[in-house]
Amino acid sequence: MITLVGKNIEQAADLLQKGELCGIPTETVYGLAGNALDSEVVAQIFEVKGRPVFDPLIVHIGRASDLLLFSEELSDAAKMLATSFWPGPLSLIVKRNAIIPDLVTSGLDTVAIRMPKHPISLELLQKLPFPLAAPSANPFGYISPTSAAHVVDQLNGKISYVLDGGPSSIGIESTIVDCSSDKPCILRLGGLSIEAIEKVIGPIDVMTHSSSQPAAPGMLSNHYSPRKPMILGKIPELIEEHKALKVGVLSFTQAYENFTNKVLSKSGDLHEAARNLFGFMRLLDESDCDLIIAESVPDRGLGKAINDRLNRASSPY
Ligand code: TXA
Ligand code: MG
């Protein structure tokens with residue numbers, strides 16, 4: 001199979017209606033999408049991504065009101081968050097109904113639902129008579145894709161089409177909020193800040209495990225990882241410590257001119273840093289360095305989600 005890249009929404013819709021998978025753009029990261037209501041298609045998503053079936057998928061919808069089609073007993077928090085932030089970088093975990101296949105939710109009685117804010121994916125979703133199940137379009141465990149080229153680099157030959165919507169404007173996955181019980185809580189930090197969520201529903205707990213799947217604690221800690229070892233700390237000290245190696249440096253604002261270096265945001269803008277994060281990790285991973293050295297960013301707003309990804313990507317070394 002040859003993987004084509006293009007901007008043809010009709011073509012993507014046709015393929016998806018035939019039960020094929022497509023790469024789709026969203027404002028967070030690119031998704032590997034297929035008909036969420038067809039178990040065979042959903043099984044193919046797990047297979048192409050190499051994802052264990054205990055790790056459930058997010059269902060993407062094109063109209064906020066479609067939430068009602070797939071959920072039961074919506075809490076006030078779920079309604080308020082959907083009204084305030086959809087379309088946008090927020091996935092809501094809600095009690096699901098029987099229309100959603102078991103495979104999508106890994107047998108859980110809840111489902112993750114999101115309405116993305118990207119004109120192309122919204123138009124596509126609104127054309128289709130079904131929602132799209134879509135994990136990030138990277139092989140399981142690797143860095144998430146933020147451009148059509150990233151998707152092709154890794155899934156070439158495994159899917160027939162990638163819909164190109166340009167670089168993802170947020171660059172980091174959606175924030176996941178569990179609204180399936182009385183007390184909402186954040187399961188994954190992401191493109192929507194805690195501060196923004198708290199303005200709408202008040203103080204909220206953050207319970208990010210190594211996985212947002214409580215049934216499998218500890219299993220997915222090494223996520224979003226480059227293939228090269230990556231360590232996190234104070235860059236000048238790490239450079240000194242690893243003098244014998246060829247290092248690549250992923251810094252927040254400061255340039256390190258004597259090294260292969262990517263600066264997330266020269267002006268210290270966390271939105272710009274989030275947008276650059278995964279693409280820069282990939283570039284350093286593809287460079288000739290032996291070791292990637294990175295530093296945390298300020299722990300506020302999107303910075304919390306960026307630090308979460310940096311922590312998961314860095315391995316003990
Ligand atoms: O920004 C995003 O959310 C992207 C774009 C493509 O929409 N999608 C994405 O999907 O990041 P994925 O599959 O890479 O991550 C989905 C996460 C997984 O960690 C999964 O465990 C969690 O959502 N999840 C899905 N359904 C869940 C449920 N019912 N309960 C708890 N966690 C759930
Ligand atoms: Mg992912």
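This report concerns the structure included in the present document. (Residues numbered from 1 in each chain as written. Chains lettered and ligands numbered in written order. Predicted model: local features only at pLDDT ≥ 70, side-chain atom pairs only at ≥ 80, totals over all residues. Heavy atoms only, no water.)

The next subject is the side chain of Arg 51. Inspection of the secondary structure puts Arg 51 in the loop between α2 (39–49) and β4 (58–60). Reaching out from Arg 51, the side chain makes a polar contact with the backbone oxygen of Asp 55 at a distance of 3.0 Å. (Helix = DSSP H or I, 4+ residues; strand = E, 2+ residues; numbered from the N terminus. Polar contact = N/O pair within 3.5 Å; in protein donor to acceptor, adjacent residues only side chain to side chain.)

Near ligand 1 you find 24 residues, and of these Thr 28, Arg 51, Asp 55, His 60 and Ser 174 are the closest. One of the side-chain nitrogen or oxygen atoms of Arg 114 is found 3.1 Å away from an oxygen atom of ligand 1. In this structure, an oxygen atom belonging to ligand 1 sits 2.9 Å away from a side-chain N or O atom of Arg 188. Summarising the interface, the protein chains cover 95% of the accessible area of ligand 1, which totals 680 Å² for the free molecule. Residue assignment for the shell around ligand 1 shows that the elements contributing at least two residues are β4, β6 (110–114) and β10 (185–188). Broken down by element, the shell around ligand 1 gets its largest block of residues, four residues, from β6. Here the residues of the shell around ligand 1 sort into twelve nonpolar, seven polar and five charged. (Near = heavy atom within 4 Å. Areas by Shrake-Rupley, 256 points an atom, 1.4 Å probe, with all protein chains shown as cover. Nonpolar A, V, L, I, M, F, W, Y, C, P; charged D, E, K, R; others polar.)

Overall, mixed pairing links the eleven strands, which are arranged β1-β8-β2-β3-β7-β4-β6-β5-β9-β10-β11 in an open sheet. Both outer strands of the open sheet, β1 (4–6) and β11 (205–206), are each paired with one neighbouring strand and no more. Where strand β3 (residues 31–35) lies against strand β7 (residues 132–133), two bridges are found, and the strand directions are antiparallel. Across the sheet, the residue bridging to Asn 35 is Leu 132, located in β7. Of the strands in this sheet, β1, β2 (22–24), β3, β7 and β8 (161–163) touch helix α1 (residues 9–17), which is tilted by about 135° from β8. (Pairing = 2+ DSSP bridges. Contact = heavy atoms within 4.5 Å. Axes fitted to C-alpha atoms, helices over the stretch in contact; angles between N-to-C directions.)

This part covers the nonpolar core. Buried together is how nonpolar side chains tend to be arranged in soluble globular proteins. Trp 86, Leu 92, Ile 113, Val 177, Leu 250, Leu 277 and Ile 306 are the most contacted members of the largest nonpolar core, which totals 73 residues. Of all the elements, helix α9 (residues 270–286) adds the most residues to this core, at eight residues. Beyond its immediate chain neighbours, meaning those up to four positions away, Leu 277 contacts Ile 172, Leu 250, Leu 264, Ile 306, Arg 309 and Leu 310. If you look at the next biggest cluster of nonpolar residues, it comprises 17 residues, including Ala 13, Cys 22, Ile 24 and Ala 134. (Core = buried A, V, L, I, M, F, W, Y, C linked by side-chain atoms within 4.5 Å. Buried < 20%, exposed > 50% of the residue type's maximum accessible area, 1.4 Å probe, protein only.)

Further remarks concern the pairing of strand β9 (residues 175–178). Both faces of β9 are covered, namely the face carrying Thr 175 and Val 177 and the face carrying Ile 176 and Asp 178. Note that strand β5 (residues 90–95) and β9 share four bridges and pair parallel. Across the sheet, Leu 92 pairs through a bridge with Val 177, a residue of β9. For β9 and β10, the ladder comprises three bridges, and the chain directions are antiparallel. Looking at the pairing, Ile 176 lines up with Arg 188 of β10. Hairpin connection of β9 to β10: six residues between the antiparallel strands.

Under the criterion given, the structure shown has ten salt bridges. With a shortest N-O distance of 2.9 Å, Arg 309 and Glu 173 are connected by a salt bridge. Of this pair, Arg 309 sits in helix α10 (residues 302–313) while Glu 173 sits in the loop between β8 and β9, and the two are 136 residues apart along the sequence. Relative accessible area serves as the criterion here: at 0%, Arg 309 is assigned to the buried category. Each of the salt bridges in this network shares a partner with another, and the network as a whole consists of Glu 173, Asp 308, Arg 309 and Arg 312. (Salt bridge = Lys/Arg side-chain N within 4 Å of Asp/Glu carboxyl O.)

A separate point is the sheet that holds strand β14 (residues 260–263). Read from one edge to the other, the open sheet built from four strands follows the order β12-β15-β13-β14, with strand pairing classed as parallel. The open sheet terminates on both sides in strands that have one partner only, identified here as β12 (230–232) and β14. Put simply, the sheet's adjacent strands are angled 20° from each other on average, direction ignored. Here strand β13 (residues 247–251) runs beside β14; their pairing, made up of four bridges, is parallel. Paired with Gly 248 across the bridge in β14 is Thr 260. Its contacts with the sheet put α10 on β12, β13 and β15 (291–294), and the angle it makes with β12 is roughly 130°.

Right, let's get into the environment of Leu 128. Structurally, Leu 128 can be placed in the loop between α5 (119–127) and β7. With relative accessibility at 7%, the residue Leu 128 sits in the buried group. Between the C-alpha atoms of Leu 128 and Asn 35, which are 93 residues apart in sequence, the distance is 9.1 Å. Beyond its immediate chain neighbours, meaning those up to four positions away, Leu 128 contacts Ala 13, Leu 16 and Gln 17.

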